[in-house]
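Geometric and topological summary
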Amino acid sequence: MRELVVIGGGAAGLAAAVSAYDSGIRDILIVERGTELGGILNQCIHNGFGLHTFKEELTGPEYASRFIKEAEERGIEHVLGAMVIDIKPHCVTYVCPSGVVMEETKAIILTMGCRERPRGALNIPGYRPAGIFSAGTAQRLVNIEGYDVGKRIVILGSGDIGLIMARRLTLEGAKVLAVAEIMPYSGGLKRNIVQCLNDYSIPLYLSHTVVDIKGKERVEGVTIAAVDENRKPIKGSEIEFECDTLLLSVGLLPENELSSKAGVALSPVTNGPVVNDKLETSLDGIFAAGNVLHVHDLVDYVSEEAAIAGRNAAEYIKGSFVEGERVAVKAINGVRYTIPQYISKEAGSVTIRFRVSGVFENKYIVVRKGDDVIKRIKKRILTPGEMEKVELSSVDFNDDITLEVSNG
Amino acid sequence: MIYDAVIIGGGVVGTAIAWQLARYDISILLVERESDFCEGTSKANSGIVHSGYDPIPGSLKAKMNIRGNQMIRELRDVLDYDFVQNGAMVLAFSKDELVQLETLRRQGIENGVPGIEVLDRDEILRREPNLSKDVLSALFFPTSGIICPFSLTYAFWENAHANNAEARLGCDVKNIEKNGDIFILTTSAGVVEARTVINAAGVYADLINNMLSPRKITITPRRGEYVLLDKTERGFVKSTIFQMPTAAGKGVLVTPTAHGNILVGPDSVDIADKECTATDSEGLDYVMRSARKSAPEVNFRKIITSFSGLRAHPEGGDFIIDMPLPGFFNAAGIESPGLTSSPAIGEMVSEMVSDYLKAKKKSRYIEERKGIVKSALLPPAERARLIDSDSRYGNIICRCEEISEGEIVEAIRRGATTLDGVKRRVRAGMGRCQGGFCTPRVMEILSRELHVPMESIRKNNRGSEVLV
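Definitions and cut-offs
- Residues numbered from 1 in each chain as written.
- Chains lettered and ligands numbered in written order.
- Predicted model: local features only at pLDDT ≥ 70, side-chain atom pairs only at ≥ 80, totals over all residues.
- Heavy atoms only, no water.
- Helix = DSSP H or I, 4+ residues; strand = E, 2+ residues; numbered from the N terminus.
- Axes fitted to C-alpha atoms, helices over the stretch in contact; angles between N-to-C directions.
- Parallel < 35°, antiparallel > 145°, perpendicular 65-115°, else oblique.
- Left-handed = near helix turned anticlockwise from the far one by under 90°.
- Contact = heavy atoms within 4.5 Å.
- Nonpolar A, V, L, I, M, F, W, Y, C, P; charged D, E, K, R; others polar.
- Buried area = accessible area lost by both parts, 1.4 Å probe.
- Salt bridge = Lys/Arg side-chain N within 4 Å of Asp/Glu carboxyl O.
- Polar contact = N/O pair within 3.5 Å; in protein donor to acceptor, adjacent residues only side chain to side chain.
- Buried < 20%, exposed > 50% of the residue type's maximum accessible area, 1.4 Å probe, protein only.
- Pairing = 2+ DSSP bridges.
- Core = buried A, V, L, I, M, F, W, Y, C linked by side-chain atoms within 4.5 Å.
- Phe/Tyr/Trp six-rings, centres within 6.5 Å; stacked < 30°, edge-to-face > 60°.

Put simply, Ile339(A) and Pro340(A) share a cis peptide bond, and its omega is 0°. Along the chain, Pro340(A) turns up in the loop between strand E21 (335-339) and strand E22 (342-344). Following Gly265(B), the chain continues to Pro266(B) via a peptide bond in cis, the omega torsion being -5°. The backbone phi angle of Asp80(B) is positive, close to 55°, even though this residue is not glycine. The phi dihedral of Glu402(B) falls on the positive side, at around 55°, and the residue is not glycine. If you trace the backbone, Glu402(B) turns up in the loop between strand E21 (396-398) and strand E22 (403-404).

This is how it looks when you write it as structure tokens:
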């Protein structure tokens with residue numbers, strides 16, 4: 001029996017494996033479905049990665065290569081082109097060109113990442129021609145394969161990948177006509193709005209969505225319209241764009257079909273596993289970190305989080321894991337969710353990551369234990385696109401914790 | 001060369017005719033306007049093998065439906081298509097509908113539908129706990145089933161081809177003339193000569209018929225829109241759930257598909273444009289609203305795609321299967337239950353054509369066709385053996401549907417030249433991410449196997465190149 005199987009060799013999987021190794025675990029296998037380690041970072045050739053971790057601006061492949069090197073230096077085993085088809089506590093089954101392999105293991109870390117929401121999930125009406133790409137698919141075709149996906153482009157959704165691709169395609173000579181966002185605020189990082197749209201004079205239409213796609217074989221045009229407060233299109237507000245391509249950057253979904261099949265309890269808000277402060281899921285010996293747990297905007301935080309999962313998986317494997325009583329972490333009043341959702345009473349110090357459900361200016365994040373305020377942090381601006389965190393140190397977690405956005 | 005039979009249309013009806021006609025010792029050419037089979041009405045419909053309660057007794061529809069249903073149930077192991085006999089319910093929600101339900105039951109019996117059951121509310125909810133608690137009664141039709149229409153069409157064609165039928169794709173018929181006993185077809189891909197012509201041109205069957213036939217017909221495209229839910233919703237309903245039929249059709253259904261998704265639709269809108277398969281938000285909203293009457297909890301947050309198809313609605317309402325002039329045959333106006341009826345239509349038309357040609361059955365005929373292996377559905381040991389014999393079956397390309405490179409290569413070997421061609425044969429790109437991850441990889445495999453540059457890989461028809 002193996003000690004640890006890490007599912008996915010992207011940012012989270014690598015950091016989790018390295019951290020488990022450094023916590024004394026030697027028998028580790030990373031199972032990666034791609035043809036190389038690094039995951040989605042390999043197609044993120046823009047810079048801006050690693051500012052927190054390495055205090056320098058790296059590209060995605062550079063960031064990945066640092067962790068790949070760390071894994072290699074430690075001699076951590078990995079298998080490529082291997083697709084996990086089944087997970088049970090203490091057992092992972094995968095398919096690869098050499099066969100069907102069943103790995104019995106003491107612990108599992110889920111680091112499968114996320115996928116993009118497709119057009120269908122939005123139910124955009126119109127034809128279904130060629131020329132409609134999710135932003136990440138376009139990113140792969142352009143950055144990895146070196147092809148052009150379109151000349152005149154409209155982007156729906158202002159998620160980070162869409163914003164990055166607006167700049168990328170502009171640099172490749174395409175004309176990005178508009179970015180439409182159904183919400184009254186962007187889903188991406190502020191810095192990406194500035195550096196990818198404003199710097200290239202690409203208009204961002206907030207509270208707008210796509211209402212029609214023209215072209216039976218290839219996209220010939222896209223119509224956007226303003227939406228009301230219920231996100232329903234307003235008649236008469238239509239703007240038509242003549243274009244050959246529509247990119248969708250309309251949200252990322254943690255890939256938890258395997259977790260769900262295994263019986264891991266999932267949060268309906270994050271679409272990822274419900275975890276405690278050790279990042280252990282509802283199933284014994286199964287941990288989770290990175291975008292499979294909740295969608296991140298910065299890879300640095302993925303690495304940080306995965307290191308926590310790796311460390312705790314190591315403690316679990318060594319048998320020094322205490323499964324004590326726990327308290328709940330509740331997200332209310334403007335806080336959309338928290339990770340973790342539970343904290344064990346002996347945790348002492350915990351980092352809680354969370355997102356807010358709207359744009360808030362000059363507010364406070366208030367943390368309560370029971371009815372007592374234990375932390376209050378002033379925030380000039382809070383937006384759903386930016387993940388937030390609070391660090392709680394030396395707390396006796398003897399009552400439920402509540403996070404909220406508050407006026408004072 | 002003068003073909004004994006030219007079939008116009010490579011949908012489920014055209015290929016079913018080719019499949020049955022290939023039993024005869026004649027030369028057969030199927031011409032299809034698009035670059036693959038199953039590109040028109042056959043690709044976008046409910047995928048239901050109807051039991052036959054709905055058609056008017058005595059109509060061709062009734063006759064073909066009952067026979068087709070029986071054939072599809074019997075031929076599954078011979079032609080290896082994706083079919084599940086899951087049964088269907090028709091729900092009644094009011095006193096009026098209870099009366100209609102009884103009429104429907106009698107009609108079903110008159111049409112020869114076997115095994116009809118009347119279910120009370122408790123039994124309905126026991127079998128289908130997610131249906132509306134407002135339901136009063138239902139009919140259950142055990143012979144009803146669900147089928148993958150692509151798999152049926154490809155099965156018909158692959159067997160026809162194994163028995164020497166030929167096809168010319170990308171071949172649009174522009175004109176037909178008759179010179180003595182010979183038909184001369186002018187097409188976008190040259191002139192074709194034939195002793196008989198069979199019109200299975202779907203929504204264009206009126207144009208084809210009207211080129212030659214003294215009796216003009218009109219086919220109206222009747223659009224139906226659908227939404228498809230993720231396989232995570234598998235089991236939400238087990239049988240196909242209908243509401244009471246109206247003049248406009250069998251109404252909005254909620255059904256599992258042969259592959260385990262949940263399908264909701266269609267609406268029914270007559271349109272003028274025979275090409276307009278765009279969806280609109282009113283139609284999609286209507287479909288979702290109507291479905292909630294049957295199953296209030298259906299989870300539309302799990303929609304993975306929506307689409308629309310055009311039914312070939314004939315003036316007069318019944319199938320048009322005839323010989324309006326010697327040697328020219330119609331299989332026209334094949335709207336619902338056309339998919340179910342297709343093998344029966346194939347049988348009937350091939351008898352008419354072979355009678356006309358005085359054709360004899362072939363002495364050697366290949367009966368069986370094997371579908372492409374589905375590696376993910378094999379028991380682990382068998383899957384391991386398959387990967388052992390060809391490691392490409394261990395290289396998973398489509399992660400949502402777990403489709404391997406081996407299956408994609410086999411789809412290409414059997415005629416797929418486009419992303420949609422691959423998708424419809426082996427379901428790569430059919431899952432919850434809708435090709436987000438596998439599109440570039442399937443394109444690479446197509447490019448490699450067909451020896452063509454990536455830039456020429458298309459989604460489906462000419463003009464649908466993925467890259468620019």
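Here the narrative resumes, following the displayed structure.
This part takes up the packing of helix H10 (residues 405-413) of chain B against helix H12 (residues 439-450) of chain B. If you want to describe how two helices pack, look at the angle between their axes and the distance between the axes. Residue and element names in this part refer to chain B. Interaxial distance between H10 and H12 falls to 10 Å at its minimum, and their mutual angle equals 50°. Overall, the two elements H10 and H12 adopt an arrangement that is oblique. The chirality of how H10 crosses H12 is right-handed. Contacts between H10 and H12 pair Glu405, Ile408, Val409 and Ile412 from the former with Val442, Ile445, Leu446, Arg448, Glu449 and Leu450 from the latter. Each residue belonging to the contact of H10 with H12 can be placed in one class, and the counts come to seven nonpolar, no polar and three charged.

Frequently, the measure chosen for interface size is the accessible area that the parts lose on association. On the side of chain A, 41 residues touch chain B, which itself brings 50 residues to the contact. Interface area, chain B with chain A, both sides summed: about 3700 Å², of which 56% is carbon and sulfur. On the chain B side of the contact with chain A, Arg399(B), Arg432(B) and Val468(B) bury the most area, a combined 16% of that side's loss. Seen at the junction of chain B and chain A, the total is four salt bridges. Between Glu255(A) and Arg399(B) there is a salt bridge, and its shortest N-O distance comes to 3.0 Å. There are eleven residue pairs in polar contact (both at pLDDT 80 or more) connecting chain B and chain A. Of the residues that constitute the side of chain B that touches chain A, the class distribution is 21 nonpolar, 15 polar and 14 charged.

Residues and elements named next belong to chain B. Most of strand E18 (residues 303-314) is tucked away, with twelve of its twelve residues classed as buried. Where strand E13 (residues 219-229) lies against E18, eleven bridges are found, and the strand directions are antiparallel. Following the sheet pairing, Ile219 is matched in E18 by Pro314.

On to helix H3 (residues 135-144) of chain A, then. Across the ten residues that make up H3(A), a large majority, eight, are buried. If you check which residues of H3(A) are buried, you get Ala135(A), Gly136(A), Thr137(A), Ala138(A), Gln139(A), Leu141(A), Val142(A) and Asn143(A). Where H3(A) is buried, its residues contact strand E9 (114-116), strand E10 (132-134), helix H4 (160-171) and strand E17 (245-248) of chain A together with H12 of chain B.

Next up on the list: the sheet that holds strand E11 (residues 152-156) of chain A. Residues and elements named next belong to chain A. One open sheet holds the five strands; their spatial order is E10-E17-E11-E12-E13, and the pairing between them is parallel. Only two strands of the sheet have a single neighbouring strand rather than two, namely E10 and strand E13 (204-206). The average angle at which neighbouring strand axes cross in this sheet is 20°, direction not considered. With three bridges connecting them, strand E12 (residues 175-181) and E13 associate as parallel partners. Across the sheet, Ala180 pairs through a bridge with Tyr205, a residue of E13. Packed on one face of the sheet, H3 meets E10 and E17 and runs near 95° to E10.

The biggest cluster of nonpolar side chains holds 65 residues, and the ones touching the most others in it are Leu4(A), Ile7(A), Ile28(A), Ile87(A) and Leu110(A). For this core, the element with the highest residue contribution is helix H1 (residues 11-22) of chain A, accounting for nine residues. Once you skip the residues sitting within four places of it in the chain, Ile28(A) turns out to touch Arg2(A), Leu4(A), Val6(A), Ala17(A), Ala20(A), Tyr21(A), Ile76(A) and Glu77(A). Of all hydrophobic cores here, the second largest spans 50 residues; its members include Ala18(B), Met64(B), Leu75(B) and Ile147(B).

With that settled, the discussion passes to the environment of Leu152(B). On the secondary structure map, Leu152(B) appears in helix H5 (residues 149-162). Note on Leu152(B): relative accessible area 0%, which makes it buried.

This part takes up the packing of aromatic side chains. Residues and elements named next belong to chain B. Under the criterion given, the structure shown has 14 aromatic pairs over all chains. Summarising the aromatic geometry, the rings of Trp19 and Phe156 are spaced 4.8 Å apart at their centres and angled 35° between planes, so their arrangement reads as tilted. Remark: Phe156 occurs in helix H5 and Trp19 occurs in helix H1 (residues 12-21); sequence separation between them is 137 residues. Under the relative-accessibility criterion, Trp19 is labelled buried at 1%. The class of Phe156 is buried, set by a relative accessible area of 1%. Here Phe37 and Trp157 contribute two aromatic rings whose centre-to-centre distance is 4.8 Å and whose plane-to-plane angle is 25°, an arrangement assigned as stacked. Here Trp157 lies in helix H5 and Phe37 lies in the loop between strand E2 (28-32) and strand E3 (48-49), a separation of 120 residues in the sequence. A residue is classified by how much of its surface remains accessible, and Trp157, at 8% relative accessible area, is buried.

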